Amino acid sequence: MTIEIIPTIAALRVRLDDARTKGARVGLVPTMGYLHAGHTSLMAAARAENDLAVTSIFVNPLQFAAGEDLTDYPRDLTRDIALASDAGVDVVFTPSVDEMYPFGAVLTTVTVDQISTLWEGATRPTHFAGVATVVAKLFAITGPCRAYFGEKDFQQLAVVRRMAADLSLPVSVVGCPIVREADGLALSSRNVYLGRDERAAATVLRRALDDGLAAIESGQRCAAEVIAAMTARVATEPLAQLDYCAAVDANSFLQPEWLSDEIRLLIACRVGRPRLIDNAGVMIIE
Ligand code: PAF
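Described in the following lines is the structure provided in the data block. (Residues numbered from 1 in each chain as written. Predicted model: local features only at pLDDT ≥ 70, side-chain atom pairs only at ≥ 80, totals over all residues. Heavy atoms only, no water.)

**Here's the deal with the site of the ligand**
1) Next: Close contacts around the ligand come from P30, T31, M32, N60, Q63, V131, V134, F149 and Q156, and that covers them all.
2) Next: One nitrogen or oxygen atom from the side chain of Q63 is found 2.6 Å from an oxygen atom belonging to the ligand.
3) Next: Relative to its unbound accessible surface of 290 Å², the ligand loses 89% to contact with the protein.
4) Next: Looking at the shell around the ligand, the elements that each hand over two or more residues are β2 (26–31) and α6 (127–142).
5) Next: Along the lines of polarity and charge, the residues of the shell around the ligand split into five nonpolar, four polar and no charged. (Near = heavy atom within 4 Å. Polar contact = N/O pair within 3.5 Å; in protein donor to acceptor, adjacent residues only side chain to side chain. Areas by Shrake-Rupley, 256 points an atom, 1.4 Å probe, with all protein chains shown as cover. Helix = DSSP H or I, 4+ residues; strand = E, 2+ residues; numbered from the N terminus. Nonpolar A, V, L, I, M, F, W, Y, C, P; charged D, E, K, R; others polar.)

Written out as structure tokens, the structure is:
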């Protein structure tokens, strides 16, 4: 079947209402485009688990702060549509900024407290409210049974899950595994900003996570020691500038002194121009 490209909310609603009337379950993959294999893995899951797979491609101004890469954010709609089509997507929603935010200023926003203030939220204080607001709008526009998000943005996934739970939204938020290059670099649209040497240096994020995991596997339970192992690894890479690394409770995102139960190692580094993030999970059962 040919992929449908729908740029307006009204037309998308007509299309999806019609499908739902016939009993179709809609699966949504929200994206900002410049698709890679991480995105297409979400689309494949949406295709497999729903009757209609919908993806949105919208670079959301609300989640960028002044001075971030909103205007330069990589875009290639023609390529994105081909990739989405190959991944089995039925409908691509491609709204303009005016379509999504017709009044210019957005007076109603969604803020998920606590989780949004830590780690990524500490560095980018307005980011998660921008994400939660656009995702809430996309849920309201598409009415999905399931919505798919990558674990690469692990804190974003937690924010969206909590928003859906707090607001009793009738959607199941599905987290999907991180897709990596052969050398361990997590796929990200922003990897395109990396120069050749920076691309090699960027593998330090995964290597630091591996060091943290190895410390835990060898019995280390002191969070500060695990973080020190990760920090030491980043320090070996002159092109990488550490923003934070952490060993947090995977649900609260708080950093315990001693590690137990479900732990997530988080890391954020600037490598040349882009700021990259990555994470890894571990369950500690004593
Ligand atoms: O992860 C992203 O690409 C974006 O934050 C999202 C979820 C599509 C919201 O704009």
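**Things to note about the environment of E286**
1) Next: Looking at where E286 falls in the secondary structure, it is placed in the segment after β9 (275–284).
2) Next: The sequence separation of E286 and A129 amounts to 157 residues, and the corresponding C-alpha distance is 37 Å.
3) Next: In terms of polar contacts, E286 uses its side chain to reach the side chain of R221, at 2.5 Å.

**Remarks on the layout of surface pockets**
1) Next: Of the voids in this model, the second largest pocket is the one considered here, and its volume is about 250 Å³.
2) Next: If you trace the second largest pocket, you find 16 residues lining it, with M100, Y101, V106, T108 and K137 closest to the centre.
3) Next: Elements with a minimum of two residues in the lining of the second largest pocket: α4 (97–100) and α6.
4) Next: The class makeup of the residues in the lining of the second largest pocket is ten nonpolar, four polar and two charged. (1 Å grid on protein atoms, 1.4 Å probe; cavity = no way out; pocket = protein on both sides within 12 Å on 5 of 7 lines; lining within 4 Å. Points joined across faces, edges and corners; volume = space filled by probe spheres on them.)

**Some thoughts on the pattern of salt bridges**
1) Next: The tally for this structure, following the rule as stated, stands at 18 salt bridges.
2) Next: E4 serves as the salt-bridge partner of R15, at 2.9 Å between the closest nitrogen and oxygen. Of this pair, R15 sits in helix α1 (residues 9–21) while E4 sits in strand β1 (residues 4–6), and the two are eleven residues apart along the sequence.
3) Next: For E4, a relative accessible area of 25% puts it in the partly exposed group.
4) Next: When the shortest N-O distance is used, the salt bridge between D166 and R162 registers 3.0 Å. Taken together, the residues span about one helical turn, with D166 and R162 both in helix α7 (residues 154–166) at a distance of four residues.
5) Next: A relative accessible area of 44% means that R162 is categorised as partly exposed.
6) Next: Connected via shared salt-bridge partners are E120, D243 and R275. (Salt bridge = Lys/Arg side-chain N within 4 Å of Asp/Glu carboxyl O. Buried < 20%, exposed > 50% of the residue type's maximum accessible area, 1.4 Å probe, protein only.)

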